[in-house]
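A look at the structure
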Amino acid sequence: VQLQASGGGLVQNGGSLRLSCAVSGRTSSAYTLGWFRQGSGDRREFLAYISLSDGRTSYGDSAKDRFTISRDNAMKTLYLQMNSLKPEDTARYYCAANDRYGSNWARVSTSYDYWGQGTQVTVSS
């Protein structure tokens, strides 16, 4: 499974961005896809995951009410819509995949087998 994230960039405080993650290789509806981010010197923080089989989603505290995870019907592209961005959202954002149905394990970065290269998001104040 290969993942490639895109859509990052520089945005002003309060602005919006939509990140994309192209998924290729052998996947199935059993997969769970997630978004994480990592600031300078920080641990990789859980943002959201989606289970491809039924579209079930779950969000981390930083993402609740401002970010939305989704995927296209072909399950080949993962999205993260980010609204009301703040300077503290500045980080490198990563998409990840695992071939199990999403549950509490999907909130932990070390549970994922496949990772994209990340895309940088910078929010100016």
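Residues numbered from 1 in each chain as written. Predicted model: local features only at pLDDT ≥ 70, side-chain atom pairs only at ≥ 80, totals over all residues. Heavy atoms only, no water.

A look at the packing of aromatic side chains
This is how it is decided: Only the six-membered ring of Trp is used, alongside the rings of Phe and Tyr, when aromatic pairs are assigned; centres must lie within 6.5 Å, and planes under 30 degrees apart are stacked while those over 60 apart are edge-to-face, with the rest tilted. Helix numbers and strand numbers start at the N terminus; a helix is a DSSP run of H or I with at least 4 residues, a strand a run of E with at least 2. Think of it in three bands: residues with accessible area under 20% of the maximum for their type are buried, residues over 50% are exposed, and the middle band is partly exposed, with areas taken using a 1.4 Å probe on protein chains only. Both a distance and an angle decide whether a charge sits over a ring: NZ of Lys or CZ of Arg must be within 6 Å of the ring centre and within 35 degrees of the ring normal.
Enumeration according to the criterion identifies seven aromatic pairs in this entry. Aromatic pair Phe36 and Phe46: ring centres 5.7 Å apart, planes at 65 degrees, arrangement edge-to-face. With a gap of 10 residues between them, Phe36 in strand S4 (residues 32-38) and Phe46 in strand S5 (residues 45-51) connect regions that are remote in the sequence. Taken as a pair, Phe36 and Phe46 share a single burial class, namely buried. The rings of Phe36, Phe46, Tyr49, Tyr94, Trp105, Tyr112 and Trp115 are connected pair by pair, giving a single aromatic cluster. Here Arg44 stacks its cationic end above the ring of Tyr94, 3.9 Å away from the centre of that ring. A cation sits over an aromatic face here: Arg44 above Trp115, 4.7 Å from the ring centre.

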